Amino acid sequence: MAHEAILWERLAPDDPRVRCNLCAHRCVIPPGRLGVCHVRENRDGTLYTLVYGRTISQHVDPIEKKPLFHFQPGSSSYSIATAGCNFRCAFCQNWEISQMPREQKTILGSPATPAQIAQAARRAGCASIAYTYTEPTVFAEYALDTAREALALGLKNVFVSNGYMTPELVHLMTGLIHGINVDLKAGRGEFYHKISGAALEPVLANLKLLQQAGIWLEVTTLVIPGLNDNDAELRWVASYLFNELGPDVPWHISRFYPQYKMSDRPPTPAATLERAWHIGRDVGLHYVYVGNVPGHRSESTFCPRCGTTVIERYGYHVNIRALKNGVCTQCGTAIVGVEMP
Ligand code: SF4
């Protein structure tokens, strides 16, 4: 169902073209046309979202699956998505739903109001709602309305995002969205341009902006053999996080599996991920995690001061071992995050 969009403007009072200011593409859309994401349409000079209230996925997930390791650890997050994305990553794991509007020229989804989603989350015993699987920026109206309902029920809200929103949207998220995992896919603009159809700079700027807005931030880099797995690039990414965001931002180094248009290369070798882990720690990041390798030692959280395993993880099984009131029980160092045990 069409619903008037937020964050758009007419190019001029007598010009029916509109500019969408939801993401850094800032599409200029003539009447009858769609934006890059294919879920926002100019109808007679007014911009509409075509995905409001239409969920393509609803699941109860561990918050660790987002991944968010320092946000209500061990809790469940009610996870929703609509169809559509403003990127077109060749390795997308959820391409059937993220690229559906663009490739199949259709938008499927089941009707659900924001209040219904929030109530379902509470009934399921979730501590938060996650806007995830596809890009929440392109369903921001629906996500923010749902976040308001969730907040009224005492639940928190998290985004899993490519980080391509505008500063205007970050402003609207402030106070409603409590945590976010942003993909920093590479340290080169060329990668973003070729593989995702986007630019690197807005993502880099948003990492800082989101942190300054008080939204808990974790970062994920999918390490793809032959594309972004060399030492120099991994070190650039880790150094950017350390220098611009500080040592406490968790960095998830995730294993690639052949997907979608990138089925021609092998999964990331464990040795590559371990090399990346060492680079992150060597640069000075306190919390570096290897992802998509269940049972890997580096899924656990270690105290950055004394090295004690404070939270042990095996896949999505979480064992709070040496953490009390957010502090390492061995040496008293604070382990940063949101509602840490
Ligand atoms: S959300 Fe982004 S891609 Fe979609 S119409 Fe707006 S500016 Fe374009």
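Everything discussed here concerns the structure shown above.
Residues numbered from 1 in each chain as written. Predicted model: local features only at pLDDT ≥ 70, side-chain atom pairs only at ≥ 80, totals over all residues. Heavy atoms only, no water.

Visitor: Could you give an account of the packing of aromatic side chains, with specific residues and numbers?
Guide: Here a ring pair, both rings aromatic, is described through the centre-centre distance and the interplanar angle of the planes. Scanning the entire structure with this criterion turns up nine aromatic pairs. Their ring planes at 85 degrees and their centres at 6.3 Å tell us that Phe87 and Tyr192 sit as a pair that is edge-to-face. Residue Phe87 is located in the loop between strand S9 (76-81) and helix H1 (95-98), and its partner Tyr192 is located in helix H6 (residues 189-196); the two are separated by 105 residues in the primary sequence. Each member of the pair, Phe87 together with Tyr192, is buried. In this structure an aromatic cluster arises from ring pairing among Phe87, Phe91, Tyr164, Phe191 and Tyr192. Sitting over the face of the ring of Tyr48, Arg43 holds its NZ or CZ atom 5.7 Å from the ring centroid. Lying across the ring of Phe69, Arg313 places its NZ or CZ 4.0 Å from the centre. (Phe/Tyr/Trp six-rings, centres within 6.5 Å; stacked < 30°, edge-to-face > 60°. Helix = DSSP H or I, 4+ residues; strand = E, 2+ residues; numbered from the N terminus. Buried < 20%, exposed > 50% of the residue type's maximum accessible area, 1.4 Å probe, protein only. Lys NZ or Arg CZ within 6 Å of the ring centre and 35° of its normal.)

Visitor: Describe helix H7 (residues 201-212), listing the residues and the values that go with them.
Guide: The terminal C-alpha atoms of H7 lie 17 Å apart, and with 12 residues this matches the ideal 16 Å at 1.5 Å per residue to within 8%. Taken together, the buried positions of H7 are Val203, Leu204, Asn206, Leu207 and Leu210. For H7, the angular spread of buried residues about the axis comes to 165 degrees, placing them on one side. Among the exposed residues of H7, those oriented more than 90 degrees off its buried face are Glu201 and Gln212. Buried residues along H7 sit in contact with helix H5 (167-173), strand S13 (179-183), H6, strand S14 (216-223) and helix H8 (231-245). (Expected span 1.5 Å × (residues − 1). Arc of directions from axis to C-beta. Contact = heavy atoms within 4.5 Å.)

Visitor: An account of the sheet that holds strand S4 (residues 28-29) is needed here, citing residue identities and associated values.
Guide: A sheet is described by the order of its strands in space; here three strands give the open sequence S2-S3-S4, paired in antiparallel fashion. Strand pairing shows two members of the sheet lacking a second neighbour, strand S2 (8-12) and S4, which therefore form its edges. Sheet topology places strand S3 (residues 15-20) next to S4; two bridges connect them, and they run antiparallel. Residue Val18 lies in a different strand from S4, and its bridge partner there is Ile29. (Pairing = 2+ DSSP bridges.)

Visitor: Before we move on, can you summarise the side chain of Asn228 with the specific residues and values?
Guide: Assignment of secondary structure puts Asn228 in the loop between S14 and H8. For Asn228, a relative accessible area of 1% corresponds to the buried category. A distance of 2.8 Å separates a polar side-chain atom of Asn228 from the backbone oxygen of Leu222. Within polar-contact distance, the side chain of Asn228 engages the backbone nitrogen of Ile224 at 2.7 Å. In contact with Asn228, not counting residues within four places along its chain, are Lys185, Phe191, Thr221, Leu222, Val223, Glu233 and Leu234. (Polar contact = N/O pair within 3.5 Å; in protein donor to acceptor, adjacent residues only side chain to side chain.)

Visitor: Give a detailed account of the pairing of strand S15 (residues 251-255), specifying residues and quantitative values.
Guide: Counting buried residues along S15, five of its five residues qualify, which places the element largely inside the surrounding structure. A two-sided burial pattern is seen for S15, the buried positions comprising Trp251, Ile253 and Arg255 on one face and His252 and Ser254 on the other. Where S14 and S15 come together, five bridges link them in parallel fashion. Residue pairing for S15: Leu222 is matched across the bridge by Ser254. Taken together, S14, H8 and S15 form a β-α-β motif whose crossover is right-handed. Sheet topology places S15 next to strand S16 (residues 288-291); four bridges connect them, and they run parallel. Looking at S16, one finds that Ile253 is bridged to Val290. The β-α-β motif built from S15, the intervening helix H9 (residues 270-283) and the parallel element S16 has right-handed crossover chirality. (Right-handed = clockwise from strand over helix to strand, strands pointing away.)

By themselves, these observations are geometric and do not establish any function.
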